[in-house]
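Structural overview for review
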Amino acid sequence: MFSLVESLELILGWSIILFIALHLYRKAENLPSIWKVAIAIAVGLFSFSINIPVAGELISLPILPLGVWALNFFLRKRERSWERYRPFAWLGFGANFVFLILALLAIPLQNLIYPEDRLTTYVSDTENASLIVLHPSADDSAALDKKILLEQLEISNQQAVQSEEWYYDTVMDHEMEDRNERFPYQLAEVSAKWGSGFSPLVFIEEDGQGIVVMKEAEQKYFRLEHSILQRGES
Amino acid sequence: MHKKWKWLWIVVPLILVTAGGLYYSAVVKNPGSFLSQDRIINEINKQFRNGETEEILDIEYLDDRNVFVPFRSNKDQYGMAYWEWRMNEWELMMVSSSGNPVMISSNEGDPENQFIVWNLHPDDEVEKAVFYLTMERNFQVSQGEQLYTPRVQMKEEIGFEKSYGSMKMPADWSTYMKSYQQALAPEDGIPFDVFNDAFFPQPHFAYGWIPYTNQNEVAELQHTRGQSGFSSGYTETILQLNPSELESSSEES
């Protein structure tokens, strides 16, 4: 899904680079050709970087300006060329730092607009929400109560995913024939908050009051006050 | 001199796009009519090791680009073949001397376009089949992150009027599989499973089926042969299951 913060990062980052590039261009004594400038910046972008995990994200930290060195090597016979395009190559390398800073700033920004601890971040548009039965132990006659779902989204409270406990609860002392899956429903056709960049998979607990949201190989568990499932006659 | 070069920025991409469009419309065509019976038999026989095709049982369009042909050989074997329309011709994607159900998918395993096809031996007298999509229940704890994967066991029952046929993958199955794959993909950040994979094998989807006789008993397939054949398409095995391998079967009707 579309990520608003990521798009803003890109737009802002490149705008800054463009702004500095224009500034350098005007200052230049003998006007360099525009497309060569663009290439110099693009080549300067290449760097040897290491990825550092920061707050669950991988941030790319540039170490060696490989692109700048490469350009220097290729233009070493033409001193005038190198002098003209060197500042732009360094600008390209510097762009890595601009994006690094923006990436760091994006983390709190993303969490501000799309708080990770609220169910409404992950389950936002429920207009076409539907139930998919995943396991035969589910109540076949259960239907989704969209009105209650809408209310409960706001009231939910987050709890810990207890994967090991849930697993053994179902499996221990229960033969295959009488195992009841704890999360036998998928809440399908719902989307996360617009611009969050999430495409979550949503499970509903068999009592209709628990929701597990899974995105980017992570899970969060929320409990509701009322069940969102209507039981029919079984 | 300067002005002349500026035009290139518009003209060159325009030429490329036009050329691409012309090539596409010339080479890539809409599916034409399917092959003649003789052609079909010829193409199958080239791949079929165990005898010759004696009778074509059906020519079934799974969708407008995929055609399924169950056939019978001169040695009383019931096999299957399917063609896919690629670019401008029908391409043979699979020939199997076995009629056991398989999942075929055009489009590189896109869950939207997958079909189950079968051609059982009529002497096995299978009246109905239940197909299953399963995934193991799993839990995972690593670096403080907990992941619980519920057991998935979705079924689709189908009555067999004839011993051969096809069925499109149920929409619920593809919805769940797509959602699951998306939810597992890490953001371009820490690849969750770089170190985990070795220690925490991820659960996988599996297809299964159980055939039933008209007495509602699990059918024993004495005559339908096991898997063998060629396939250049994307086929997935559908394992024949034992009811004891299923959960909650006491609740099943």
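Along each chain, residue indices are assigned from 1 in the same order as the chain's sequence is written. Both sets of labels track the order of writing: A upward for chains, 1 upward for ligands. At least 70 in pLDDT is required for a residue's local features to be given in this predicted model, at least 80 for side-chain atom pairs to be given and counted, and no such filter applies to totals for whole chains, interfaces and linings, which use all residues. Hydrogen atoms and water are omitted, and side-chain values are computed over all heavy atoms in the structure.

1. Describing the overall build of chain B
Note the cut-off: Note on conventions: DSSP H or I runs of at least 4 residues are helices, E runs of at least 2 residues are strands, and numbering of each starts at the N terminus. Each residue is assigned to one of three classes by its accessible area relative to the maximum for its type, calculated with a 1.4 Å probe on protein chains only: buried under 20%, partly exposed between the two thresholds, exposed over 50%. Throughout, a contact is declared for two residues whenever any of their heavy atoms are within 4.5 Å. Here the Shrake-Rupley method, with its probe set to 1.4 Å, supplies the accessible areas, and only the displayed protein chains count as covering residues.
Assigned secondary structure in chain B consists of 4 helices and 15 strands. When each of the 253 residues of chain B is scored for burial, the buried share is 43%. Partitioning the intrachain contacts of chain B with sequence separation of at least 6 by distance along the chain shows that 61% fall at a separation of at least 24. Summed over its atoms, the accessible surface of chain B is roughly 13,900 Å², and 50% of this surface lies on carbon and sulfur atoms.

2. Re the nonpolar core
Definition in use: Nine residue types can take part in a nonpolar core, namely buried Ala, Val, Leu, Ile, Met, Phe, Trp, Tyr and Cys, and a core is a set of them joined through side-chain atoms within 4.5 Å.
Among the nonpolar cores identified, the biggest contains 39 residues, and Phe131, Trp173, Tyr176 and Tyr207 of chain B are the most heavily contacted of them. Per element, the largest residue contribution to this core is 5 residues, and it comes from helix H3 (residues 171–184) of chain B. The residues contacting tyrosine 176 of chain B, other than those within four sequence positions of it, are Leu134, Gln186, Leu201 and Phe203 of chain A together with Met135, Val152 and Phe205 of chain B.

3. Things to note about the sheet that holds strand S6 (residues 102–105) of chain B
All names here are of chain B. The test is simple: One requirement defines pairing of two strands: DSSP has to find at least two bridges between them. A fitted line through C-alpha atoms represents every axis, and for helices the fit uses only the stretch in contact; the resulting angles, taken between N-to-C directions, go from 0 to 180 degrees.
Reading across the sheet, the 7 strands line up as S11-S8-S13-S15-S6-S7-S12 and stay open at both edges, with mixed pairing between neighbours. Edge positions in the sheet fall to strand S11 (152–159) and strand S12 (164–168), since each of these pairs with one other strand and no more. When the angles between neighbouring strand axes are averaged without regard to direction, this sheet yields 25 degrees. The strands touched by H3 are S6, strand S8 (128–135), S11 and strand S13 (205–212); relative to S8, the strand with the most contacts, the crossing angle is about 10 degrees.

4. A word on the interface of chain B and chain A
This is how the line gets drawn: Put simply, buried area is the surface a 1.4 Å probe can reach on two separate parts but cannot reach once they are joined, added for both. Any Lys or Arg side-chain nitrogen found within 4 Å of a carboxyl oxygen on Asp or Glu counts as a salt bridge. Any N or O atom pair separated by 3.5 Å or less is treated as a polar contact, with the protein-specific requirement of one donor-capable and one acceptor-capable atom, and with residues adjacent in sequence counted only for side-chain atom pairs. By the convention adopted, Pro, Cys, Tyr, Trp, Phe, Met, Ile, Leu, Val and Ala count as nonpolar, Lys, Arg, Asp and Glu as charged, and the other residues, Gly among them, as polar.
Contact with chain B, which involves 38 residues of that partner, is made by 38 residues of chain A. Across the chain B to chain A interface the summed buried area is about 3,300 Å²; carbon plus sulfur atoms make up 59%. Counting across the interface, chain B meets chain A through 2 salt bridges. Glutamate 181 of chain A is paired through a salt bridge with arginine 137 of chain B; the nearest N and O atoms lie 2.8 Å apart. For the pair chain B and chain A, the number of links is 13 residue pairs in polar contact (both at pLDDT 80 or more). Every element with two or more residues in the side of chain B that touches chain A is listed here: strand S9 (138–142), strand S10 (145–149), S11 and H3 of chain B. Considering every element that reaches the side of chain B that touches chain A, the biggest residue donor is H3 of chain B, with 8 residues. Across the side of chain B that touches chain A, the residue classes break down as 17 nonpolar, 12 polar and 9 charged.

5. A few points about the pattern of salt bridges
Pairing of side chains with opposite charge becomes possible as their charged atoms draw close. Counted under the stated rule, the structure contains 19 salt bridges over all chains. Each member of the salt-bridge network shares a partner with another, and the members are Glu116, Lys215, Glu216, Glu218 and Lys220 of chain A.

6. Overview of the domain arrangement of chain A
Residues and elements named next belong to chain A. What counts, and what does not: For the purposes of this description, domain bounds are those given by an automatic or database domain assignment.
The domain boundaries assigned to chain A delineate domain 1 (4–113) and domain 2 (119–230). Summarising the inter-unit geometry, the C-alpha centres of domain 1 and domain 2 are found 44 Å apart. Here domain 1 meets domain 2 over a buried area of about 290 Å², counting both sides, of which 39% is carbon and sulfur. When the area that domain 1 buries against domain 2 is broken down by residue, the three leading residues are Leu4, Gln110 and Ile113, summing to 99%. Where domain 1 packs against domain 2, one counts 0 salt bridges. In this assembly, domain 1 and domain 2 are joined by 3 residue pairs in polar contact (both at pLDDT 80 or more). At the level of elements, helix H1 (4–27) and helix H4 (79–113) are the ones that each hand at least two residues to the side of domain 1 that touches domain 2. Residues belonging to the side of domain 1 that touches domain 2 are distributed by class as follows: 3 nonpolar, 1 polar and no charged.

7. Topic: the UniProt feature "transmembrane region" (unreviewed entry) in chain A
As a reminder, the rule being used: UniProt positions are given in the numbering used here, feature names are shortened, and annotations may be inferred rather than shown by experiment.
Within this numbering scheme, the UniProt entry marks residues 6–25, 34–52, 58–75 and 87–109 of chain A as carrying the feature "transmembrane region" (unreviewed entry). The straight-line gap between the two end C-alpha atoms of residues 34–52 of chain A is 35 Å; of that span, 58% is helix and 26% is strand.

8. So, the packing of helix H2 (residues 34–44) of chain A against helix H3 (residues 66–74) of chain A
Residues and elements named next belong to chain A. As a reminder, the rule being used: An angle counts as roughly parallel when it lies under 35 degrees, as roughly antiparallel when it exceeds 145, as roughly perpendicular when it falls between 65 and 115, and as oblique in every other case.
Contact geometry for H2 and H3: axes closest at 7 Å, N-to-C directions at 130 degrees. The orientation of H2 with respect to H3, classified from their angle, is oblique. Across from Ala40, Val43 and Gly44 in H2, the residues of H3 making contact are Gly67, Val68 and Leu71. Residues belonging to the contact of H2 with H3 are distributed by class as follows: 4 nonpolar, 2 polar and no charged.

9. Comments concerning the packing of aromatic side chains
The description of an aromatic ring pair rests on the distance of the ring centres and on the angle between the ring planes. Residue and element names in this part refer to chain B. Definition in use: Pairing of aromatic rings covers Phe, Tyr and Trp, the last counted by its six-membered ring, and requires centre-to-centre distances within 6.5 Å; plane angles under 30 degrees mean stacked, over 60 mean edge-to-face, and any other angle means tilted.
Scanning the model with the defined rule gives 28 aromatic pairs over all chains in all. On the basis of an interplanar angle of 85 degrees and a centroid distance of 6.0 Å, the ring pair of tyrosine 176 and phenylalanine 205 is categorised as edge-to-face. With tyrosine 176 in helix H3 and phenylalanine 205 in strand S13, this pair connects stretches of sequence that are 29 residues apart. Centre to centre, the rings of tyrosine 180 and phenylalanine 205 are 5.5 Å apart; their planes meet at 80 degrees, and the pair counts as edge-to-face. A residue pair is termed long-range when its members are at least 10 positions apart, and tyrosine 180 in helix H3 and phenylalanine 205 in strand S13 qualify at 25 residues. Using a relative accessible area of 22% as the deciding quantity, one classes phenylalanine 205 as partly exposed. An aromatic cluster is built from Phe34, Tyr61, Trp83, Trp85 and Trp90, whose rings are joined through pairwise contacts.

10. Looking at the sheet that holds strand S7 (residues 201–204) of chain A
Residues and elements named next belong to chain A. Across the sheet, 6 strands lie side by side as S3-S6-S7-S8-S9-S5; this open sheet has antiparallel pairing. Looking at the sheet topology across the chains shown, the edges are occupied by strand S3 (130–133) and strand S5 (157–159). Strand-to-strand, the axes of this sheet are offset by a mean angle of 35 degrees, without reference to chain direction. Of the strand pairs in this sheet, S3 and strand S6 (residues 185–188) are connected by 4 bridges, and their pairing is antiparallel. Bridging from a neighbouring strand, serine 130 pairs with alanine 188 of S6.

11. Let's talk about helix H2 (residues 37–47) of chain B
Three- or four-residue spacings in an α-helix give side chains the same orientation, since the helix completes a turn every 3.6 residues. Residues and elements named next belong to chain B. Here is the rule: The arc in question is the one traced by the directions running from the helix axis out to the C-beta atoms.
Within H2, burial applies to Ile40, Glu43 and Ile44. Viewed end-on, H2 has its buried residues packed into an arc of 95 degrees, placing them on one side of the element. Structural note: H2 exposes Asp38 and Lys46 on the side pointing more than 90 degrees away from its buried face. Check the buried side of H2 and you find it contacts strand S1 (53–56), strand S3 (66–73), strand S4 (78–86) and strand S5 (89–96).

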